[in-house]
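Notes for the structure review
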Amino acid sequence: MPITLPLARHYYETRREVLAAGGEHVTPWYRLTPDERAVAVTEAVIILEAVRRANAEHAALLGVALDDADSTAGPDVAQV
């Protein structure tokens, strides 16, 4: 997945900035070891999966809501 490396970098740096605002020092992205970068990329994969699941859930709930609304709205005027 080519998108995971840029996402990992941006997520890591954003997280680092937030933590720095709270007084915690975190190593910059460009100084991470290969193992530390691998952990960050794994976190990006987890984030992408969470977003995919949230989108699927939202689509399913929206689909159910639309189906329910269609069945309770009565006949379509064009069909009458």
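Computed from a predicted structure; not experimentally measured.

1. Side note on the overall build of the protein chain
When its secondary structure is counted, the protein chain shows 2 helices and 0 strands. Of all 80 residues assigned to the protein chain, the portion counted as buried reaches 12%. Sequence separation of 24 or more characterises 52% of the internal contacts of the protein chain that already satisfy a separation of 6 or more. With the model as given, the accessible surface of the protein chain reaches about 6,300 Å², and the carbon-plus-sulfur share is 62%.

2. Description of the side chain of Thr-4
Mapped onto the elements of the fold, Thr-4 is located in helix H1 (residues 4-21). Aside from chain neighbours lying at most four places away, what touches Thr-4 is Val-41, Ala-44, Val-45 and Leu-48.

3. Regarding the side chain of Glu-13
Counting through the fold element by element, Glu-13 comes out in helix H1. For Glu-13, the contacting residues outside a window of four places in its chain are Pro-28 and Trp-29.

4. Section: H1
Here H1 contains 18 residues, and its C-alpha end-to-end distance of 25 Å stays within 8% of the 26 Å for a straight helix at 1.5 Å per residue. When H1 is considered as a whole, its buried residues turn out to be Thr-4, Ala-8, Tyr-12 and Glu-13. The arc that holds every buried residue of H1, seen down its axis, measures 155 degrees, which confines them to one face. Turned more than 90 degrees away from the buried face of H1 sit Glu-17, Val-18 and Ala-21, all of them exposed. In the segment just after H1, Gly-23 is the residue with positive phi, at about 95 degrees.

5. Topic: the environment of Val-45
Considering the arrangement of structural elements, one finds Val-45 in helix H2 (residues 34-72). Taking C-alpha positions, Val-45 is 6.3 Å from Thr-4, a pair spaced 41 residues apart along the chain.

6. A look at the pattern of salt bridges
Scanning the model with the defined rule gives 3 salt bridges in all. Across the salt bridge formed by Arg-16 and Glu-13, the nearest N and O atoms sit 2.8 Å from each other. Separated by 3 residues within a single helix, Arg-16 and Glu-13 lie in helix H1, roughly one turn from each other. The residue Arg-52 makes a salt bridge to Glu-49 at a minimum N-O spacing of 2.6 Å. Residue Arg-52 and its partner Glu-49 are located together in helix H2, separated by 3 residues, close to a single helical turn. Overall, Arg-52 belongs to the partly exposed group, its relative accessible area being 46%. Residue Glu-49 is classed as partly exposed on the basis of its relative accessible area of 28%. If you follow the salt bridges from partner to partner, you end up with Glu-49, Arg-52 and Arg-53 in one network.

The rules we used
Residue numbering note: each chain is counted from 1, following its sequence as written. Only residues with pLDDT of at least 70 get local features here, since the model is predicted, and only at 80 or more are side-chain atom pairs given and counted; chain-wide, interface and lining totals rely on the full set of residues. Processing note: side-chain calculations cover all non-hydrogen atoms of the structure and skip hydrogens and water entirely. Numbering of helices and strands starts at the N terminus; helices are DSSP runs of H or I of at least 4 residues and strands are runs of E of at least 2. With a 1.4 Å probe rolled over the protein chains alone, any residue whose accessible area is under 20% of its type maximum counts as buried; one over 50% counts as exposed, and the rest are partly exposed. Residues are treated as being in contact if the distance between any of their heavy atoms lies within 4.5 Å. A 1.4 Å probe and the Shrake-Rupley method give the accessible areas. Residues count as covered only by the protein chains that appear here. One less than the number of residues in a helix, times 1.5 Å, gives the span that helix is expected to have. Directions drawn from the helix axis to the C-beta atoms are what define this arc. For salt bridges, the criterion is a side-chain nitrogen of Lys or Arg within 4 Å of an Asp or Glu carboxyl oxygen.

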